[in-house]
Amino acid sequence: MTTGLYVHLPFCASKCSYCDFYSVPGRLDLVDAYVRALLKEVRQYAGLPFTTLYLGGGTPSLIGPDGLRKLMKGLRRTANVSALQEATLEVNPESASAEFFQAALDNGFGRVSIGVQTMVDTELRSVGRAHTALQGAEAVMRASALGFSSISVDLIAGLPGQNQQSLRRSLDGLLSLHIDHLSLYCLSLEPGTPLADQPPANLPSENKQADMFQMARDMLAAAGFEHYEISNFARSGHQCVHNLNYWRGGDYAGLGASASSHLQGRRYKNLSDLQAYMRRPAAAIESSEELGAGTKAAEEAMLRLRLIQEGLDVGDLAARFGHDRIQCLSDRLSSLARENALIFDGTSYRLHPSRVLTSNPILAAVLEEA
């Protein structure tokens, strides 16, 4: 049974215009104090064995080699991370130094996720990214040369001024660098972000975004990547185990400001407030709820449907939650299959291939049965 440990490192050099994740520009003066707070919070999980570790942000690479060493030394002393199957670290190209990468390798990180977003400088500048296309390529090459066992990159489809040709150029460049995993996200205008408040005139339409995504999906398939989750593609053996645990409805603990946890039927979220979190790291809870069997089953069904090939085994769901408790959910899944939103092979439900990019209403309909 997989139990993940997520650590949120909210520090950023600057805020990108599309980002609605909790992050704090600057304030690197607080890194040491924040690491100490994380190590206080993790004490409550001292008896829980973790099988995956994921450091996300923000920009984790901004804590620097020394910050990473202190964090990992403290986690090894306090948390049970002795049998990790996978340890992943997010970095941004402008702070992905060889020294930081070496510190990550020395501390057991075999997987790195690099926030490239695009390999076109004008597209990077259009959303306030702090790195250049050359720095993106150099970060991937540096990670490869130093010996990470799995290298993932993030790309965005739908950036201002982007088209199929420029996205193809980004993909060609990254595939030539022998990456193992790629996350491709369609740009969304999140309320409260600068991009949503003042959307530029040259934003690609939803139809153009969809065409870009389909082109990228075809290119990645031809290069030997499996489309295993709505936004994720991987070479064989390089799927993200930590994220697969999320999509399979597994347990995970989240450390840090704004981090979420899901353990033994309880879901809770930390305050999205750096100072408040550091004052009381073990008690900075913003919200908490106990999940009933029906709610848990519906949420797990929704998450598992994100897995393109694996899908949702409804028999397994019934065995764990009870046929009576999931009857309404089963009826809804059958209805969605009759509408050709889902495919049912007699055992498992999967998203219809034509509905991958329009899956949100389908997943929302599944959640309605909670």
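Check the entry above for the structure.
Conventions adopted
- Residue numbers here run from 1 along each chain, matching the order of that chain's written sequence.
- Residues qualify for local features only when their pLDDT is at least 70, as the model is predicted, and side-chain atom pairs are given and counted only at 80 or more; totals for whole chains, interfaces and linings, by contrast, use all residues.
- The basis for every side-chain value is the complete set of non-hydrogen atoms in the structure, without hydrogens or water.
- Here the term buried applies to any residue with accessible area under 20% of the maximum for its type, exposed to any over 50%, and partly exposed to those in between, with areas from a 1.4 Å probe on protein chains only.
- Helix and strand definitions follow DSSP, with helices as H or I runs of at least four residues and strands as E runs of at least two, each counted in order from the N terminus.
- Each pair of strands is called paired provided DSSP finds at least two bridges between the two strands.
- Two distance rules govern patches: like charges are joined within 9 Å, and nonpolar side chains (Val, Leu, Ile, Met, Phe, Trp, Tyr) within 5 Å, applied only to residues with over 30% relative accessible area and no salt bridge.
- Computed by Shrake-Rupley with a 1.4 Å probe, the accessible areas treat only the displayed protein chains as cover when residues are assessed.
- Each salt bridge in this description consists of a side-chain nitrogen of Lys or Arg and a carboxyl oxygen of Asp or Glu lying within 4 Å of one another.
- Charged-residue counts in this description rest on Lys and Arg as positive and Asp and Glu as negative, His and the chain ends being excluded.
- By convention, the point assigned to a charge is CZ for Arg, NZ for Lys, CD for Glu and CG for Asp.
- For Phe, Tyr and Trp, rings pair up if their centres lie within 6.5 Å, where Trp contributes its six-membered ring, and each pair is then called stacked (planes under 30 degrees apart), edge-to-face (over 60) or tilted (otherwise).

Q: Looking at this structure, I do not really get the pairing of strand 11 (residues 251-255). What am I missing?
A: Side chains on a regular strand alternate between the two faces of the sheet. Judged by how many residues are buried, strand 11 sits mostly within the fold: five of five residues are covered. Both faces of strand 11 are covered, namely the face carrying Asp251, Ala253 and Leu255 and the face carrying Tyr252 and Gly254. With five bridges joining them, strand 1 (residues 3-9) and strand 11 adopt parallel strand pairing. Among the inter-strand pairings, leucine 5 is bridged to a residue of strand 11, identified as alanine 253.

Q: Before we go on, may I ask you to explain the environment of serine 334 in this structure?
A: Looking at the element boundaries, serine 334 is found in helix 13 (residues 327-338). Counting along the chain gives 232 residues from serine 334 to glutamine 102, while the straight-line C-alpha distance between them is 51 Å.

Q: What am I meant to see in the sheet that holds strand 16 (residues 342-344) here?
A: Strands pair in a sheet through their backbones, by hydrogen bonds, and they do so in one of two ways: parallel or antiparallel. The strand order across the open sheet built from three strands is 15-17-16, with neighbouring strands paired in antiparallel fashion. The open sheet has two edge strands, strand 15 (312-313) and strand 16, and neither has a second partner. Relative to strand 17 (residues 348-351), strand 15 is paired through two bridges, and the arrangement is antiparallel. What sits directly across from aspartate 313, in strand 17, is serine 348.

Q: Is there a simple way to explain unusual backbone geometry in this structure?
A: Negative phi values dominate among residues other than glycine, just as trans dominates among peptide bonds. That bond from glycine 57 to glycine 58 is cis: its omega, 20 degrees, falls within 30 degrees of zero. The topology assignment puts glycine 58 in the loop between strand 4 (52-57) and helix 2 (64-78). With a phi angle near 55 degrees, arginine 27 is a residue other than glycine that sits in the positive phi range. Its location among the elements puts arginine 27 in the loop between strand 3 (24-25) and helix 1 (31-41). Judged by relative accessible area, which is 38%, arginine 27 ranks as partly exposed. Despite not being glycine, glutamine 117 has its phi angle at roughly 70 degrees, a positive value. Within the fold, glutamine 117 resides in strand 6 (residues 111-117). The class for glutamine 117 is buried, based on a relative accessible area of 9%.

Q: How should a positive patch on the surface be read in this particular structure?
A: Taken together, the side chains of Arg36, Lys40, Arg43, Lys73 and Arg77 define a basic patch exposed on the protein surface. Only helix 1 and helix 2 provide two or more residues apiece to the positive patch.

Q: Could you clarify how one ought to interpret the packing of aromatic side chains in this entry?
A: By convention here, two paired aromatic rings are described through the distance between centres and the angle between planes. If you walk through the whole model with that rule in mind, you get nine aromatic pairs. On the numbers, 5.4 Å between centres and 90 degrees between planes, the contact of phenylalanine 11 with tyrosine 34 is edge-to-face. Taken together, the residues phenylalanine 11 in strand 2 (residues 11-12) and tyrosine 34 in helix 1 connect sequence positions 23 residues apart. With respect to burial, phenylalanine 11 and tyrosine 34 carry one shared label: buried. Aromatic side chains tyrosine 45 and phenylalanine 50 sit 6.4 Å apart centroid to centroid with 80 degrees between the ring planes, which places their arrangement in the edge-to-face category. Both residues of the pair, tyrosine 45 and phenylalanine 50, belong to the buried class. Among the aromatic residues, those joined into a ring-pair cluster are Phe11, Tyr34 and Tyr277.

These figures capture arrangement, not role.
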